[in-house]
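As a plain string of letters, each chain reads:
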Amino acid sequence: MVDLWNIVLDKKGNRILFSDDGKGFIRQDLQSFFSLYKSSKAFNENSIGKNGSGRIFLLQIAEILEVYTKSVDFTQMMNFTLDRTYLEELIISGQQSPTILPIATPSWWTNRETGTSIELKDIDWKRIPTEKKIIEEFAEYLSPNIAKLVRINGKKLQPRSIFGEVIEKEFHVKNLGKITIEIFFPENGSRGDGIKLGAYNPIISLRELAELSPNPIPSELTGRTISGHIFIESINKFRSHDSKSLDDNFYHSETLAEVIEFLIKQVSPLDIE
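Counting of residues starts from 1 at the beginning of each chain's written sequence and follows it residue by residue. Residue-level local features of this predicted model are given only where pLDDT is at least 70; pairs of side-chain atoms are given and counted only at 80 or more, and the full residue set underlies all totals for whole chains, interfaces and linings. Hydrogens are left out, water is left out, and the side-chain values use all remaining heavy atoms of the structure.

Caption draft 1: Main features of the overall build of the protein. Counting from the N terminus, the helices are the DSSP runs of H or I reaching at least four residues and the strands are the DSSP runs of E reaching at least two. When helices and strands are tallied, the protein shows nine helices and 13 strands. Exposure categories follow from relative accessible area, calculated using a 1.4 Å probe and restricted to protein chains: below 20% of the type maximum is buried, above 50% is exposed, and the middle band is partly exposed. Expressed as a percentage of its 273 residues, the buried residues of the protein come to 48%. Only heavy atoms enter the contact rule, under which two residues are in contact if any of them lie within 4.5 Å. Across the protein, every contact between residues at least 6 apart in sequence was considered, and the portion connecting residues at least 24 apart equals 63%.

Caption draft 2: Expanded view of helix α9 (residues 254-267). Between the first and last C-alpha of α9 there are 19 Å, a value that for 14 residues agrees with the 20 Å anticipated at 1.5 Å per step. Within the sequence span of α9, burial applies to T255, L256, V259, I260, F262, L263 and V267. Taken end-on, α9 shows its buried residues confined to a sector of 160°, consistent with a single buried face. Facing away from the buried side of α9 by over 90 degrees, the exposed positions are E254 and K265. The span you would expect from a helix comes to 1.5 Å times its residue count less one. Directions are taken from the helix axis to each C-beta atom, and the arc is the one they span.

Caption draft 3: Spotlight on the environment of I264. Inspection of the secondary structure puts I264 in helix α9. When the C-alpha positions of I264 and P216 are compared, they lie 8.4 Å apart, and in sequence the two are 48 residues distant. Those residues within four positions of I264 in sequence are excluded, and the remaining contacts are P216, P218 and P269.

Caption draft 4: Structural context of the sheet that holds strand β1 (residues 5-10). If DSSP finds at least two bridges between two strands, the strands pair. Ordered in space as β5-β4-β3-β6-β2-β1-β7-β8, the eight strands form an open sheet in which the pairing is mixed. Looking at strand neighbours, the two that pair on one side only are β5 (101-102) and β8 (155-156), the edges of this open sheet. Pairing of strand β2 (residues 15-20) with strand β6 (residues 115-123) involves six bridges; the strand directions are antiparallel. Considered in β6, the bridge of D20 is made with T116.

Caption draft 5: Examining the nonpolar core more closely. Membership of the largest hydrophobic core comes to 36 residues, with the highest contact counts inside it found for I16, L65, F80, L120, V150 and I152. Broken down by element, the residue count for this core peaks at four residues, all from helix α2 (residues 54-61). Among all residues touching L65, those that are not within four sequence positions of it are L58, L59, F80, T81, L82, I118, E119 and L120. Within the second largest apolar cluster, 28 residues are counted, among which are L209, L221, I235 and L263. Think of a nonpolar core as a cluster: buried Ala, Val, Leu, Ile, Met, Phe, Trp, Tyr and Cys residues, connected wherever their side-chain atoms sit within 4.5 Å.

Caption draft 6: Region of interest: the pattern of salt bridges. Salt bridges are defined as contacts in which a side-chain nitrogen from Lys or Arg sits within 4 Å of a carboxyl oxygen from Asp or Glu. Tallied over the entire structure, the rule returns 12 salt bridges. Of the charged contacts in the structure, one is a salt bridge between K126 and D124, with a shortest N-O distance of 3.3 Å. Residue classification places K126 among the exposed positions, given a relative accessible area of 76%. K178 is the salt-bridge partner of E170, the closest N and O atoms lying 3.8 Å from each other. Given the relative accessible area of 48%, E170 is considered partly exposed. Looking at K178, the relative accessible area reads 16%, which means it is buried. Through salt bridges with shared partners, a single ionic network connects D10, R15 and E119.

Caption draft 7: How the structure looks around the environment of F18. Within the element layout of this structure, F18 appears in strand β2. Owing to a relative accessible area of 27%, F18 belongs among the partly exposed residues under this scheme.

Caption draft 8: How the structure looks around the packing of aromatic side chains. Stacked, edge-to-face and tilted labels apply to pairs of Phe, Tyr and Trp rings (six-membered ring for Trp) whose centres lie within 6.5 Å, assigned for plane angles under 30 degrees, over 60, and everything in between, in that order. Enumeration over the complete set of coordinates arrives at four aromatic pairs. Centre to centre, the rings of F25 and F80 are 6.0 Å apart; their planes meet at 75°, and the pair counts as edge-to-face. Remark: F80 occurs in strand β4 (residues 78-83) and F25 occurs in the loop between β2 and α1 (27-33); sequence separation between them is 55 residues. We note that F25, like F80, is buried. Members of the aromatic cluster, joined through ring pairs, are Y68, W108 and W109.

Caption draft 9: Focus on the pairing of strand β13 (residues 227-232). Judged by how many residues are buried, β13 sits mostly within the fold: six of six residues are covered. The alternating pattern of β13 places S227, H229 and F231 and G228, I230 and I232 on opposite faces, both of which are buried. Judged from the six bridges that link them, strand β10 (residues 177-184) and β13 form a sheet pairing that is antiparallel. Within β13, the residue paired with I183 across the bridge is G228. Across four bridges, strand β11 (residues 195-198) lies against β13 in parallel orientation. In the strand pairing of β13, L197 is matched with I230.

Caption draft 10: Layout of the pairing of β2. Across the six residues of β2, five count as buried, placing the element largely inside the fold. Taken together, the six bridges between β1 and β2 define a ladder with antiparallel strand orientation. Residue pairing for β2: V8 is matched across the bridge by L17. Joining the antiparallel neighbours β1 and β2 is a turn of four residues, in which N14 adopts a positive phi near 55°.

Okay, here's the thing in structure tokens:
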């Protein structure tokens, strides 16, 4: 169980460092890490990185990705490097095995028994929001349980602007699989883009879905008076690493109608007072 995620934005050193105090990489984690779109975290709701595509996005903002980890399987510090050449080979072949070496513990590593740090080098800072913007907005893209554990240069994220408690419900729906709902209420009625729909990541605005769908979506869900996320695992099968694949597939599938039916019958009647 991770107690803290630290993100250090180091412009002077031209690097970004992500660190946690979790269990570190074990052998099965390494196997999924070196395979595209696979993750050993897929069914862990309290983890970040469940789709196995994070390396693609990280290597769009940095030239080099260094991983450092200690775990019950690797009690000595282990290190391996990924770069964009590796990513190209991974996309073509589907699986690679970079060299994994034991190394001396870096000076910046705290006294953690286990954990993982990912160091991004040679950053394209034009693609990185400012520290202030990340602190103000990053919590909007995370579950409340995860957001409270994240630190940006040692600073807590600004909580979502909500009143009352976040409504969290979980459903298991035939054909759609597991569905998790997190709905919250902005302090002012105009904030946010309404509820977003996704498979662990918010990728579709319900407002957009309402415009494209032939089936009606309740106005109380698409309005701007409430915000939140609805995570539907089955949507993942329609998306590749680009948004166009979702447009071409999901919006023309039978699954779309099932999603709309679920929203109308199960989400709309939720007691949100």
